[in-house]
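Coordinate inspection notes
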Amino acid sequence: MDYGTLRGLIALLILALFIVIVVWSYSKKRKSSFDEAANSIFEEKTETEISHTNKNNKQETNNV
């Protein structure tokens, strides 16, 4: 197998991987989880989540 053949096979592998990722991301099964992730920024945090986030921020500041 020469270098040109190897480059061609790698190009085909990358193209196939790209097609698989596009099909996966636009599949109807994934729509609900992607919608949930997209809208998660608009959800209000509860008090326990806020205190947990603040505690993590303090730990990161102390480590620096």
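Rules and cut-offs
- Residues numbered from 1 in each chain as written.
- Predicted model: local features only at pLDDT ≥ 70, side-chain atom pairs only at ≥ 80, totals over all residues.
- Heavy atoms only, no water.
- Helix = DSSP H or I, 4+ residues; strand = E, 2+ residues; numbered from the N terminus.
- Buried < 20%, exposed > 50% of the residue type's maximum accessible area, 1.4 Å probe, protein only.
- Areas by Shrake-Rupley, 256 points an atom, 1.4 Å probe, with all protein chains shown as cover.
- Salt bridge = Lys/Arg side-chain N within 4 Å of Asp/Glu carboxyl O.
- Phe/Tyr/Trp six-rings, centres within 6.5 Å; stacked < 30°, edge-to-face > 60°.
- Lys NZ or Arg CZ within 6 Å of the ring centre and 35° of its normal.
- pLDDT = per-residue confidence, 0-100.

**Concerning the overall build of the protein**
Of the regular secondary structure elements, the protein holds three helices and zero strands. Its helices and strands taken in sequence order, the protein reads α-α-α from the N to the C terminus. Relative to its 64 residues, the protein shows a buried fraction of 0%. Here the protein displays about 6400 Å² of accessible surface, and carbon together with sulfur accounts for 63% of that area.

**Re the pattern of salt bridges**
Evaluated as defined, the whole model comprises one salt bridge. Close ionic contact of Asp35 with Lys31 constitutes a salt bridge, the shortest N to O distance being 2.9 Å. You can see Asp35 and its partner Lys31 sitting in helix 2 (residues 28–39), four residues apart, about one turn around the helix. With relative accessibility at 35%, the residue Asp35 sits in the partly exposed group.

**A word on the packing of aromatic side chains**
To describe a pair of aromatic rings, one takes the distance between the centres and the angle between the planes. Applying the stated criterion to the full structure yields one aromatic pair. The ring of Phe34 is capped by Arg30, whose NZ or CZ atom sits 5.0 Å from the centre of that ring.

**Describing the confidence of the model for the protein**
Residues at a pLDDT of 70 or more form 69% of the protein, whose mean pLDDT is 82. Mean pLDDT across the elements of the protein ranges from a minimum in helix 3 (residues 47–63), with 63, to a maximum in helix 1 (residues 3–25), with 95.

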